[in-house]
Amino acid sequence: MSRSPHSVLVVGSVALDTVTTPAGTVDDGLGGSASFFGLAAVKYAPVRMVAVAGADFPEEHLSLFRRHGLDIGGLQLVEGRTFRWAGVYSQDMNERETLRTELNVFEGFHPELPDGYAQSGCLFLANIDPTLQLEVLESMQAPKIVALDTMNYWISSKRDELLKVLERVDLFLINDSEARLLTGQENVLRAAEGIRMMGPSTVVVKRGEYGALARTENGWFSLPAYPVEGLKDPTGAGDSFAGGLLGYLAHTGGRVDEANLRLGLAHGAAVASFVVEEFSVGGLLDLSRAAIQERVRTLWEMSRFDPTLEGTR
Ligand code: AMP
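Residues numbered from 1 in each chain as written. Predicted model: local features only at pLDDT ≥ 70, side-chain atom pairs only at ≥ 80, totals over all residues. Heavy atoms only, no water.

## So, the packing of aromatic side chains
Operational definition: Pairing of aromatic rings covers Phe, Tyr and the six-membered ring of Trp, with a centre-to-centre limit of 6.5 Å; geometry is then stacked below 30 degrees between planes, edge-to-face above 60, and tilted otherwise. To qualify as a helix, a DSSP run of H or I must reach at least 4 residues; to qualify as a strand, a run of E must reach at least 2; elements of each kind are numbered from the N terminus. Partly exposed residues are those whose accessible area sits between 20% and 50% of the maximum for their type, while under 20% is buried and over 50% is exposed, using a 1.4 Å probe and protein chains only.
Overall, the coordinates contain 6 aromatic pairs when judged by the stated rule. Judged by centre distance (6.4 Å) and plane angle (85°), the rings of Tyr 44 and Tyr 248 are edge-to-face. Of the two residues, Tyr 44 sits in the loop between helix 1 (33-41) and strand 4 (47-54) while Tyr 248 sits in helix 8 (residues 237-251), which places them 204 residues apart along the sequence. As far as burial versus exposure is concerned, Tyr 44 and Tyr 248 are alike and both buried. Ring geometry for Phe 83 against Phe 106: centres 5.0 Å apart, planes inclined by 40°, an arrangement best described as tilted.

## A few points about the site of the ligand
Inclusion rule: Nearness of a residue to a molecule or strand requires only that one of the residue's heavy atoms be within 4 Å of it. Here a polar contact means two N or O atoms within 3.5 Å. Within protein one must be a hydrogen donor candidate and the other an acceptor candidate, and residues neighboring in sequence count only if both atoms are side-chain atoms. Computed with a 1.4 Å probe, the accessible areas rest on the Shrake-Rupley method; for each residue, only the protein chains presented here act as cover. Only Asp, Glu, Lys and Arg are considered charged in this grouping, and only Ala, Val, Leu, Ile, Met, Phe, Trp, Tyr, Cys and Pro are considered nonpolar; every other residue, Gly among them, is considered polar.
In the vicinity of the ligand, 17 residues are found, and the nearest of them are Ser 13, Asp 17, Gly 32, Gly 236 and Asp 239. Ser 13 places a side-chain nitrogen or oxygen 2.9 Å from a nitrogen atom of the ligand. Note that an oxygen atom of the ligand is positioned 2.9 Å from one of the side-chain N or O atoms of Arg 96. Here the ligand has 500 Å² of accessible area as a free molecule, and 87% of this is covered by the chains. At the level of elements, strand 2 (15-21) and helix 8 are the ones that each hand at least two residues to the shell around the ligand. The dominant element in the shell around the ligand, judged by the number of residues it contributes, is helix 8, at 3 residues. Classifying every residue of the shell around the ligand by side-chain character gives 7 nonpolar, 7 polar and 3 charged.

Laid out in structure tokens, this is it:
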């Protein structure tokens, strides 16, 4: 099987989410890291999904994945109930509380890569058990980019395994509180520096509505979030940010020079801004590349300035 340098492989969760925000409640909406990531990344590049769902997973979600061009050959459909997650957001939506995590079929999940998946050019190890992340990583054949996400649960309960994965990834996406938990550093800059010492050449610290801070091989890059007035549901923002970023990088041949990485991060921010405007994956469904590009450009317009003007008038 030949290599597929422009393909992205995601291993993560497929879920039915019950989410309450100040804008309302949605019961059993399509969610999970692989769903958000996949539906975002497929705007740019072919995406293969490895995940698990139960017998109760609605057929309409499977056809939605297919309609959007996702390769779901690695989505295992097994007896039992689909993974369910329930969360509630604070009034300003900066904080969320997990009300329920029902692992169901996710508990016995063992990723298996169908033929050809191991040759994907980019790999996104979404938030799952680091032991499984390592297994998938080991079965890949020289991917150009390996990116990783995790959560506080794994940082606390499987730290050693997580550190082993970290040694072998290029790009690590983490939110600010997790970065502090992983390093014990309160200062987010020090935390990102500390994480770089653990392996990844690029560390992206996601800071919700305050944007993202990246420590790359060349130094720091600070990116604002695209400002959204009608915020409805922040669920999946991080995964779709990763989807926009990795999709963009795959589409551009896996180039991770500073300029391309920065543009990729801007695509991630733009895609995430659409996701938070709707519940579940709603913001990704009719989203065009042109609409994303318009927000990428606006982000640039909003944050550029010319320091050479100082003292010239
Ligand atoms: P994000 O808002 O980007 O952090 O991603 C939220 C998604 O993560 C939701 O759709 C959940 O279904 C999923 N999720 C929540 N908890 C877990 C978990 N323990 N393992 C895997 N996925 C999870």
